[in-house]
Amino acid sequence: MAERGCPLEAVPLPPEVRESLAELELELSEGDITQKGYEKKRAKLLAHCVPLAQGVDPSLQAESRTSGSLQATAPAAKQQKPRPSNARDERFRSDVHTEAVQAALAKYKERKMPMPSKRRSVLAHAPVGACTPPDTSSASEDEGSLRQPGQLASTPLQSCPSVEPWLDQVIQGSSTSSSASSTSSHPGGKPAAAPAGPVAHARIADLHSAPPDVTTGLVQHQHAHRERPQLASVRGVPRGCGGSVLETAGGVPVNSRVSSKIQQLLNTLKRPKRPPLKEFFVDDFEELLEVQQPDPSQPKPEGSQMVVLKGEPPATGTDWPPSLLAALQQWGTTQPKAPCLTALDTAGKAICTLTYGKLWSRSLKLSYTLLNKLTSKNEPLLKPGDRVALVFPNSNPVAFMVAFYGCLLAGLVPVPIEVPLTRKDAGSQQVGFLLGSCGITLALTTDACQKGLPKAQTGEVATFKGWPPLTWLLVDGKHLTKPPRDWLPPARDSGTGPAYIEYKTSKEGSTVGVAVPHASLLAQCRALTQACGFSEAETLTNVLDFKRDAGLWHGVLTSVLNRMHVVSIPYALMKANPLSWIQKVCAYKARAALVKSRDMHWSLLAQRGQRDVSLSSLRMLIVADGANPWSISSCDAFLNVFQSRGLRPEVICPCASSPEALTVAIRRPPDLGGPPPRRAVLSMSGLSHGVIRVDAEEKLSVLTVQDVGQVMPGANVCVVKVEGTPYLCKTDEVGEICVNSSATATAYYGLLGITKNVFETVPVTAGGAPVSDRPFTRTGLLGFIGPDDLVFVVGKLDGLMVVGVRRHNADDIVATALAVEPMKFVYRGRVAVFSVPVLREDRIVLVAEQRPDASEEDSFRWMSRVLQAVDSIHQVGVYCLALVPANTLPKAPLGGIHISETKQRFLEGMLHPCNVLMCPHMCVTNLPKPRQKQPEVGPASMIVGNLVAGKRIAQASGRELAHLEDSDQARKFLFLPDVLRWRAHTTPEHPLFLLLNAKGTVTSTATCIQLHKKAERVAAALTEKAQLSAGAHVALVYPPGLDLIAAFYGCLYCGCVPVTVRPPHPQNLATTLPTVKMIVEVSKSTCVLTTQPIVRLLRSKEAAAAVDVRTWPTILDTDDIPKKKVASIFRPPSPDVLAYLDFSVSTTGILAGVKMSHAATSALCRSIKLQCELYPSRQIAICLDPYCGLGFALWCLCSVYSGHQSVLVPPPELESNVSLWLWAVSQYRARVTFCSYSVMEMCARGLGAQTAVLRTKGVDLSCVRTCMVVAEERPRIALTQSFSKLFRDLGLPARAVSTTFGCRVNVAICLQGTAGPDPTTVYVDMRALRHDRVRLVERGSPHSLPLTESGKILPGVKVIIAHTETRGPLGDSHLGEIWVSSPHNATGYYTVYGEEGLHADHFSARLSFGDTQTVWARTGFLGFLRRTELTDASGAPGSHCVPSTERHDALYVVGSLDETLELRGMRYHPIDIETSVIRAHRSIAECAVFTWTNLLVVVVELDGLEQDALDLVALVTNVVLEEHHLVVGVVVIVDPGVVPINSRGEKQRMHLRDGFLADQLDPIYVAYNM
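About the cut-offs
- Residues numbered from 1 in each chain as written.
- Predicted model: local features only at pLDDT ≥ 70, side-chain atom pairs only at ≥ 80, totals over all residues.
- Heavy atoms only, no water.
- Helix = DSSP H or I, 4+ residues; strand = E, 2+ residues; numbered from the N terminus.
- Buried < 20%, exposed > 50% of the residue type's maximum accessible area, 1.4 Å probe, protein only.
- Contact = heavy atoms within 4.5 Å.
- pLDDT = per-residue confidence, 0-100.
- Core = buried A, V, L, I, M, F, W, Y, C linked by side-chain atoms within 4.5 Å.
- Phe/Tyr/Trp six-rings, centres within 6.5 Å; stacked < 30°, edge-to-face > 60°.
- Lys NZ or Arg CZ within 6 Å of the ring centre and 35° of its normal.
- Expected span 1.5 Å × (residues − 1).
- Pairing = 2+ DSSP bridges.
- Axes fitted to C-alpha atoms, helices over the stretch in contact; angles between N-to-C directions.
- Polar contact = N/O pair within 3.5 Å; in protein donor to acceptor, adjacent residues only side chain to side chain.
- Salt bridge = Lys/Arg side-chain N within 4 Å of Asp/Glu carboxyl O.
- Parallel < 35°, antiparallel > 145°, perpendicular 65-115°, else oblique.
- Left-handed = near helix turned anticlockwise from the far one by under 90°.
- Nonpolar A, V, L, I, M, F, W, Y, C, P; charged D, E, K, R; others polar.
- Right-handed = clockwise from strand over helix to strand, strands pointing away.

1. Quick word on the overall build of the chain
In terms of helices and strands, the chain carries 47 helices and 59 strands. Scored against the burial criterion, the 1570 residues of the chain give a buried share of 61%. Expressed as a percentage of contacts within the chain between residues at least 6 apart in sequence, the contacts between residues at least 24 apart total 77%.

Structure (structure tokens):
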């Protein structure tokens, strides 16, 4: 095993030393020398050569010399230092393994992994009580560990006088909080001295000018940065500048902390994944998960088929009592003084010795009371065969034994369970399920125990979570009734019913009852007596739990059969004095002892200085968990130390047992005819393939196992395949051990289905012939039969994790994790390993409790080393590593970790870790193959293909304008200023506008004549005061109101071009004012019109800090301009003259202004008028922002054109009165109303619970014919549906709510209108969408995504779906870019340099095939058309119109092309990923995703406690993998409200991305997934 000293191999060793080393290795491998002796001799040999080892890390040198019997880094035993007492759980102790792990780690260079960043408040989130807990516990389901008395000072934990110092240390020791500089934990980070603001962006733009991006709304080209650096203040930088990976696309200099971490992550991910992905081609329509193909070179079993192994025949001719109760009666009456059980207190004093006479009389008394004194409604409470719960603490074996035999005597079935400590213990609900399924109504306990149980207010014992109602009976003598003198119970200990039921917790966490019948009980006691050679009056020391498993079989049942004396050592005594069991063996001259490997290990730690103990009386030391492969090292170490104190090597007898098969095998001492013990050194790689290979060459990953002896007398044993048909295994194959014997349990109580699978297995040969006519019981133990018919166990089915095609045992991985830095880091060795299914495969999760004094850097270093060790030794990746504060994992009854509960908490996001490292990139190797873009079919073939398939070309149009109204009126209404003058002349007093404030009072109104006069005054001021001529651009910076409308028409009256701009927010000038300034500059406005308060704001000191206030153009305040008429109203020379500019910031952060001509403006108004049936007699309510798009058109243009009255509700007013809009709709009986998604969301959230209150205030929405949400995105079905449902109570008609669709090139393409069919909803396959295809599916089918049409196409509008790349027309129900042609299309982008050429394509695109003449505008949105036959029952309510069938073309918008994420060759829409993430956990309030250098970044808003933040990392990663087949690169957890949202309620993902890369989000936690 020369590789053990891996670091030393670099040093040339003298040949004689090499020779001696080889001999040593041989001695060790043949068992001629102990591990300890080997270490000592080896260290001596190497001592002369170590000085030569110059380049070796001194710590490794030290390690290679260590004496390793106790701990990997302990100083050599000679120094006799006091040992740290909170040593790790020694079931997993193996020096060979520890050394292998250290060697494996030495092979790795320290990989630079990005360390997660954490906000300071999260660093110290563990409650102070949880930090230095006075508790003891270890890593397995059912075991504790302990602290050695007298050495407390040596643990770092106790030496802290208080908790604060370590808190300080953690906080100082980690500069990873986001407020600290970026010189944090990783060497790559430089201080973030990135100049923020336009200059930095301009600089980057200078270095890399990329080709322009045609799908965005703003021109960039080589000279942009010189004259227009301020552009960057809208979002990081103009879109085209993401020149190379490292100047972040947001223009943030690379030395920002976040991006250097991501860079580090990318470097880490460049390493090849371990399993090579098999290349095979699949139709990219079906995203098939990769199925890992078995490696042809993997080891396969080569042995012959095994034969069933038969145990020795049961002993005959012995004078055993005929039954257990007969034995009890016999000893109780003939040997009443013989001691049966001695109970000890925590000081080790014998508090009570129960004699056989006492046991008999007390059990009789209890059985009499149970049968005769308990009544319910004059009926006996219990009938023979009823089940009774036994609730006794570990410290009271006497009461338990009396209760157990009392139940057996009364013919009742005892069900021992643990004492519940709190109302919600880990697993308590499952225990409740067991009690309920057994029909238990009575629980037996002691006085003292009952007093300690949690109580309800009435003083009764509380009802525990999930438990049935119970009656509690105390078994202390004073509560029982003495039976009449000659009363004997109707003992029925021969029936087929269960004698007792033992609880068992399965891998999934469910608790089942294993029923053991009377016959099996007796057979088990006899078999144990025969195998262990128990004789009458022997003394047995029992350290195990006497309520179940070996503790019950040996210490309560078999002992009575043989009139033995049991000395029961309580768990609390072992914690206080680990040597107690050895002292009792010595004091009572015990012949047998029953322990677990942890008890042996604890006593090793405590035995220093104890010279007076002797173990020479022992003939059997039964190691109950000998089936755990990691128990061998405890046995060896124990023998090493105690052989000098009389312990004979052959005394150590490991055994294997399971709840279903009871004792499976036990090693016999030689005097009972047992063969010599054996051990096997197995290759872990072979084991993972289920094959036994004695390891020869690969020294790092081996598992050394000892035999667990021979099969029990009278039993037949075989090994069968774990999955599928129970075929017999080959001799060199690992499988599940099955037992056929009269001494096994027979059923899971009340669960017939799983009983059949486990208790009635019929093993078959390869040919399919059954090996026996009697069924076998599966033990849940994995193993094989070795030489001399010895049984070897390598693991448990419960701990088995199948990853890919290989099997790994949870215990083996725990052992590896603990061997990394056993003492320094993990709190009391508490590590849990389990697997969770993600993407149809098991993924390994490792959870550990970290010591309270561990710093962030320690944690992260430990996690990365564990990853490397597991990867190296087991060749498997750990999917998630989570560290939790000390003492916070759920505990099993004896203080170990409750694995299934831990797993449950992990999956529910309730684990609350303080550190998490996810490695999906390394572990998930079965993702579908990235999609290869096939060479596209040409546009002509596409048309032909559609014709052949019988599909029409996807083209649709609204109603023809010519049929709808006379062209004469259209000509008359060509210019809006003319329309306003005409209205002021013909209907001067007709009201056009009403403006409401938050209280619902009308603050201002405007009739036709008032608006006309106000506009004239503004026009006069512009021409005279500002000296502007026709064609000048004027910025209108107004709050939502009538001044804005008057200023707009004032500009048109004098021929100026208005540009509406949202005013800056007074509380947030720094971020809102630069955008205002930028629009003013980009639009080349020569004058700003505004109100007095805003003038003051624009020139204030605060404004000067944000922008250069000296460069504002002329600012005119329109509050007090003189009443003047304008000499003549400007009439444009042609309808194509520019009327106004419409500027808006897109969700991708692009500022785009479009030009609207007079012709387009009037065409837009005319289409909306016809669609919504707007006449002067109508009133409509508008709750929208009036600055751009359809909101601006409805607010400023439509009323003047159509003459209807608009009730204006400014959205900011809703902040102080949410119900304002709905109240206004009801008050003014508006048939038509418009709102935005943000308004709808405010109402749904703020008023959802108040519909009754609104009804009493008289809000009635039954007047609404149509309520339209103005949007430039895919309709949000969930929101519109919940809004409809919530306000149905207020009379809102079910069909009223619909959406509109517009974009930059055409602000109104679809609008539901008042007549016509309801919007239809279809369900499409989300996976097909990623491949740019539409596949319609049924509602509720997996991966279905509901899409609803965005309203009806407006009159005069034509829509076609074009292929994004070939620009050919597509067929019906095909996904492509929506192109639009209509008289109200915008005429082009307005840009600084007037170079529309770059984007002319957006406004003047032509199809590459088919109709190549029509000029279209490209919307930049993906969608599809679908024709449906619809029955239209239009007409006013009550009118008797005949329903007519009409063809209806529905337009479905899927999402913006700019927003889509191109990942793995597929196109993802952020909203779909975000919807999945928001569903993942109730604390996720909002989510946004974006990509950075091919990494998916998910930003999650946490609506909960900061310490819950890290729970979200795994849940987010899981859900995105499961539902979208994407690996999340970075998970960022932030406070609510961090994801920026614009006025339309759309997420500004690019702003968020820039904030993240510039480290401005102040995140709670940033996790970099490996």
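2. What to know about the confidence of the model for the chain
Per-chain confidence: the chain averages 80 in pLDDT, with 80% of residues scoring 70 or above. Here residues 51-88 is a poorly scored stretch, pLDDT under 50, and it has 77 contacts once near neighbours within four places are set aside; other chains count. Low confidence marks residues 1392-1397, where pLDDT is under 50. Its contacts with residues over four positions away, or in another chain, come to twelve contacts.

3. Topic: the nonpolar core
The biggest cluster of nonpolar side chains holds 124 residues, and the ones touching the most others in it are Leu 846, Trp 862, Val 1477 and Leu 1496. Dropping the residues within four chain positions of it, Leu 846 is found in contact with Ile 813, Ala 817, Val 831, Ala 832, Val 833, Trp 862, Val 866, Val 878, Cys 880, Leu 881 and Ala 882.

4. Things to note about the packing of aromatic side chains
Counted according to the given criterion, the structure contains 23 aromatic pairs. Both rings, one in Phe 1048 and one in Tyr 1049, keep their centres 5.2 Å apart while their planes meet at 90°; by these two values the pair is edge-to-face. Ring centres 5.0 Å apart and planes at 20° place the aromatic pair Phe 1424 and Tyr 1452 in the stacked group. With Phe 1424 in strand E52 (residues 1417-1432) and Tyr 1452 in strand E53 (residues 1444-1456), the pair connects residues that are 28 residues apart, well separated along the chain. With respect to burial, Phe 1424 and Tyr 1452 carry one shared label: buried. The rings of Phe 392, Phe 400, Phe 404, Tyr 405, Tyr 500 and Phe 546 are connected pair by pair, giving a single aromatic cluster. Directly above the aromatic system of Phe 546 lies the positively charged group of Lys 547, at a separation of 5.3 Å from the ring centroid.

5. Section: helix H32 (residues 1008-1024)
Here H32 is 17 residues long and its end C-alpha atoms lie 24 Å apart, about the 24 Å a rise of 1.5 Å per residue gives. Along H32, the residues classified as buried are Cys 1008, Ile 1009, Leu 1011, His 1012, Ala 1015, Glu 1016, Val 1018, Ala 1019, Ala 1020, Ala 1021 and Leu 1022.

6. Thoughts on the sheet that holds strand E56 (residues 1484-1492)
The pairing of strands in a sheet happens through backbone hydrogen bonds and is either parallel or antiparallel. Ordered in space as E1-E59-E58-E57-E56, the five strands form an open sheet in which the pairing is mixed. Of all strands in the sheet, those with a lone pairing partner are strand E1 (117-118) and E56, marking the two edges. One ladder, built from four bridges, connects strand E58 (residues 1528-1534) with strand E59 (residues 1565-1568); its direction is antiparallel. Residue Val 1532 lies in a different strand from E59, and its bridge partner there is Val 1566. In the packing of helix H47 (residues 1549-1557) onto the sheet, contacts are made with E56, strand E57 (1495-1502), E58 and E59, and the angle to E56 comes to roughly 80°.

7. Section: the sheet that holds strand E32 (residues 915-918)
Pairing is mixed across the open sheet formed by four strands, whose spatial order is E29-E30-E31-E32. Here the strands that pair on one side only, and so sit at the sheet edges, are strand E29 (826-838) and E32. Between one strand axis and the next, the sheet turns by 15° as a mean value, whatever way the strands run. Bridge count for strand E30 (residues 841-850) against strand E31 (residues 878-885) is seven bridges, and the pairing is parallel. For Val 845, the partnering residue across the bridge sits in E31 and is Cys 880.

8. Overview of the side chain of Thr 1060
Mapped onto the elements of the fold, Thr 1060 is located in strand E37 (residues 1057-1061). At 2.7 Å, the side chain of Thr 1060 forms a polar contact with the backbone oxygen of Tyr 1187. For Thr 1060, the residues in contact, after removing those within four places along its chain, are Leu 1036, Leu 1044, Leu 1141, Pro 1186, Tyr 1187 and Phe 1192.

9. Here we look at unusual backbone geometry
One non-glycine residue, Asp 1332, lies in the positive phi region at around 60°. For Asp 1332, the location among the structural elements is in the loop between helix H43 (1326-1330) and strand E48 (1344-1348). Backbone geometry places Asp 1559, a non-glycine residue, at a positive phi of 60°. With respect to the secondary-structure elements, Asp 1559 resides in the loop between H47 and E59.

10. What to know about the side chain of Ser 1226
Checked against the element boundaries, Ser 1226 lands in helix H39 (residues 1220-1227). Taking relative accessible area as the criterion, Ser 1226 reaches 7% and is therefore assigned buried. At 3.4 Å, the side chain of Ser 1226 and the backbone oxygen of Gly 1258 are in polar contact. Look past the residues within four positions of Ser 1226 in its chain and what remains in contact with it is Gly 1258, Val 1259, Asp 1260 and Leu 1261.

11. What to know about the environment of Asn 1385
Looking at where Asn 1385 falls in the secondary structure, it is placed in the loop between strand E50 (1376-1381) and strand E51 (1388-1390). Each C-alpha atom of the pair Asn 1385 and Ala 1308 lies 8.8 Å from the other, and the pair is 77 residues apart in sequence. In this structure, Asn 1385 is in contact with Ala 1160, Val 1305, Asn 1306, Val 1380 and Ala 1417, ignoring residues within four places of it in sequence. Within the structure, Asn 1385 has its side chain in polar contact with the side chain of Asn 1306 (distance 2.7 Å).

12. Remarks on the environment of Glu 460
Its place among the elements puts Glu 460 in the loop between helix H15 (447-452) and strand E10 (471-474). Look at Glu 460 and you get exposed, because its relative accessible area is 54%. As for Glu 460 and Trp 472, which are separated by twelve residues in sequence, their C-alpha atoms are 9.5 Å apart.

13. What about the pattern of salt bridges?
All told, the structure shown has 47 salt bridges when counted by the stated rule. Salt bridges here are not isolated pairs; linked through shared partners, they connect Glu 1459, Glu 1474, Glu 1486, Lys 1547 and Arg 1549.

14. Section: the packing of helix H11 (residues 324-334) against helix H12 (residues 356-372)
In the contact formed by H11 and H12, the axes pass within 7 Å of each other and the chain directions differ by 120°. On the basis of their axis angle, the class for H11 and H12 is oblique. As for the relative orientation of H11 and H12, their crossing is left-handed in sense. Across the interface between the two elements, Leu 328, Gln 329, Trp 331, Gly 332 and Thr 333 of H11 pack against Tyr 356, Gly 357, Leu 359 and Trp 360 of H12. Of the residues in the contact of H11 with H12, the class split is five nonpolar, four polar and no charged.

15. Thoughts on the environment of Leu 381
Within the element layout of this structure, Leu 381 appears in the loop between strand E6 (379-380) and strand E7 (387-391). Relative accessible area serves as the criterion here: at 25%, Leu 381 is assigned to the partly exposed category. Taking the C-alpha atoms as reference points, Leu 381 and Leu 371, ten residues apart in sequence, are found 8.1 Å from one another.

16. Looking at the packing of helix H31 (residues 976-986) against helix H38 (residues 1189-1202)
A pair of packed helices is characterised by two quantities: the angle between their axes and the separation of those axes. At a closest axis distance of 9 Å, the pairing of H31 and H38 adopts a crossing angle of 50°. One way to sum up the angle between H31 and H38 is to call them oblique. Relative to H38, the crossing made by H31 is left-handed. Along its contact with H31, which presents Leu 976, Val 979, Leu 980 and Arg 983, the element H38 presents Leu 1197, Ser 1199, Val 1200, Tyr 1201 and Ser 1202. Its residues assigned to classes, the contact of H31 with H38 shows six nonpolar, two polar and one charged.

17. Some thoughts on the pairing of E30
Of all ten residues in E30, nine are buried; the element is thus mostly enclosed. In this sheet, E30 lies alongside E29 in antiparallel orientation, the contact comprising nine bridges. Directly across from Ala 832, in E30, lies its bridge partner Val 847. Turn length for the E29-E30 hairpin, with the two strands adjacent in sequence and antiparallel, is two residues, and the turn residue Leu 839 shows positive phi of about 55°. Once you follow E30 into helix H25 (residues 856-874) and on to E31, the crossover reads as right-handed.

18. Quick look at helix H33 (residues 1042-1053)
The end-to-end C-alpha distance of H33 is 16 Å, a good match for the 16 Å that twelve residues give at a rise of 1.5 Å each. Along H33, the residues classified as buried are Leu 1042, Leu 1044, Ile 1045, Ala 1046, Ala 1047, Phe 1048, Tyr 1049, Gly 1050, Cys 1051, Leu 1052 and Tyr 1053. Once H33 finishes, Gly 1055 follows within two positions and takes phi at roughly 80°, a positive value.

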